[in-house]
Amino acid sequence: MIQARTRSPEDTKNLAAAMAELAQPGDLLLLVGDLGAGKTTFTQGFAAALGISEPVTSPTFTLAREYHGRLLLHHLDVFRLDQISEVLDLGLPELLDSDGVILIEWGDAIRQALPNDYLEVALTFIEGQPGPLDERMVVLTPVGSGWQARADDLTAATEPWLEASSQ
């Protein structure tokens, strides 16, 4: 587990951009956090680092968006899904077999329908401490051999944001 801290939306984007430099075809990232925690902001920074210049918005109502950059980016939001079986309607099995990168907002809700090789990105507000209201704790949890093999690279890429306990 890697713990990082961002101090603004732009800082969250910069962290995501640093992580995107490590992105490989077939990567799966689950974005977890309360409403407004920064999941879409994270995706915007990640997409920008992949060379995607079009606006990246939350696919809450469309459920899925696709963006073309250095790698194909599939951005899903499963907040509105009522049943796990609806994951099939999104074409998730086909996306998992593609050469793109998949970022799933609220991904923890469908974890049981996903392969056991992903990076969980949990964003939470930091409350009760002095500093800007936009501070976030970002906890990165590599799951499966693919992400665990890159844990050292992930730590190095996120070094400017690391909390002392993860260094």
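Quick note: structure is the one above.
Each chain carries its own residue numbering, running from 1 in the written order of its sequence. For a predicted model such as this one, the threshold for reporting local features is a pLDDT of at least 70, and the threshold for listing and counting side-chain atom pairs is 80 or more; totals across whole chains, interfaces and linings nevertheless cover every residue. Excluded from the side-chain calculations are hydrogens and water; all other atoms, namely the structure's heavy atoms, are used.

Things to note about the overall build of the protein
Okay, so step 1: A run of DSSP states H or I qualifies as a helix once it reaches four residues; a run of E qualifies as a strand once it reaches two. Both are numbered from the N-terminal end. In terms of helices and strands, the protein carries five helices and seven strands.
Okay, so step 2: Sequence-ordered secondary structure for the protein, helices as α and strands as β, is β-α-β-α-β-β-α-β-β-β-α-α.
Okay, so step 3: Each residue gets one of three labels from its accessible area relative to the maximum for its type: buried under 20%, exposed over 50%, partly exposed in between, using a 1.4 Å probe on protein chains only. Residue burial in the protein is summarised as follows: out of 167 residues, 49% are buried.
Okay, so step 4: Note on definitions: a residue-residue contact is assigned when non-hydrogen atoms from the two residues lie within 4.5 Å. Expressed as a percentage of contacts within the protein between residues at least 6 apart in sequence, the contacts between residues at least 24 apart total 65%.
Okay, so step 5: When the accessible surface of the protein is summed, it comes to about 8100 Å², and 50% of that surface belongs to carbon and sulfur atoms. Method for areas: the Shrake-Rupley scheme with a 1.4 Å probe, in which residue coverage is limited to the protein chains shown.

Examining helix α1 (residues 9-20)
Okay, so step 1: A helix is expected to span 1.5 Å for every residue after the first. For α1, with 12 residues, the first-to-last C-alpha span of 16 Å sits near the 16 Å given by 1.5 Å per residue.
Okay, so step 2: Those residues of α1 that sit buried are D11, T12, L15, A16, A18, M19 and A20.
Okay, so step 3: Where α1 is buried, its residues contact β1 (2-6), β2 (28-32), α2 (39-49), β6 (118-125), β7 (136-143) and α5 (151-157).

Some words on the pattern of salt bridges
Okay, so step 1: Think of a salt bridge as a Lys or Arg side-chain nitrogen and an Asp or Glu carboxyl oxygen that are within 4 Å of each other. One pass over the structure, following the stated rule, counts three salt bridges.
Okay, so step 2: Close ionic contact of R5 with E135 constitutes a salt bridge, the shortest N to O distance being 2.8 Å. Residue R5 is located in strand β1, and its partner E135 is located in the loop between β6 and β7; the two are separated by 130 residues in the primary sequence.
Okay, so step 3: What makes R5 buried here is its relative accessible area of 11%.
Okay, so step 4: Note on E135: relative accessible area 5%, which makes it buried.

Looking at the packing of aromatic side chains
Okay, so step 1: Any pair of Phe, Tyr and Trp rings, taking the six-membered ring for Trp, is counted once the centres come within 6.5 Å. Such a pair is stacked with planes under 30 degrees apart, edge-to-face with planes over 60 apart, and tilted for the rest. The tally for this structure, following the rule as stated, stands at one aromatic pair.
Okay, so step 2: We call a charge positioned over a ring when the NZ of a Lys or the CZ of an Arg lies within 6 Å of the ring centre and within 35 degrees of the ring normal. When the ring centre of W147 is taken as origin, the NZ or CZ atom of R150, which lies over that ring, is 4.0 Å away.

Observations concerning the side chain of E105
Okay, so step 1: Position of E105 relative to the elements: it lies in strand β5 (residues 101-105).
Okay, so step 2: Buried charge without a partner: E105 forms no salt bridge, and the closest opposite charge is K39, 5.2 Å away. Residues scored as positive are Lys and Arg, those scored as negative are Asp and Glu, and His as well as the terminal groups of each chain are ignored.

Topic: the pairing of strand β4 (residues 72-77)
Okay, so step 1: For β4, the tally of buried residues reaches five of six residues, placing the bulk of the element in the interior.
Okay, so step 2: Pairing between strands is defined by DSSP: at least two bridges between the two strands are required. Strand direction decides the pairing type here: strand β3 (residues 64-68) and β4, joined by five bridges, are antiparallel. Across the sheet, the residue bridging to H68 is L72, located in β4.
Okay, so step 3: Count of turn residues in the β3/β4 antiparallel hairpin: three residues.
Okay, so step 4: Both β4 and β5 contribute to a ladder of five bridges, which runs parallel. Each residue of the ladder has a partner; that of D77, found in β5, is E105.

Description of unusual backbone geometry
The bulk of non-glycine residues show a negative phi, and the bulk of peptide bonds are trans.
Okay, so step 1: Even without being a glycine, W106 presents a positive backbone phi close to 65°.
Okay, so step 2: Following the sequence through the fold, W106 ends up in the loop between β5 and β6.
Okay, so step 3: Taking relative accessible area as the criterion, W106 reaches 17% and is therefore assigned buried.

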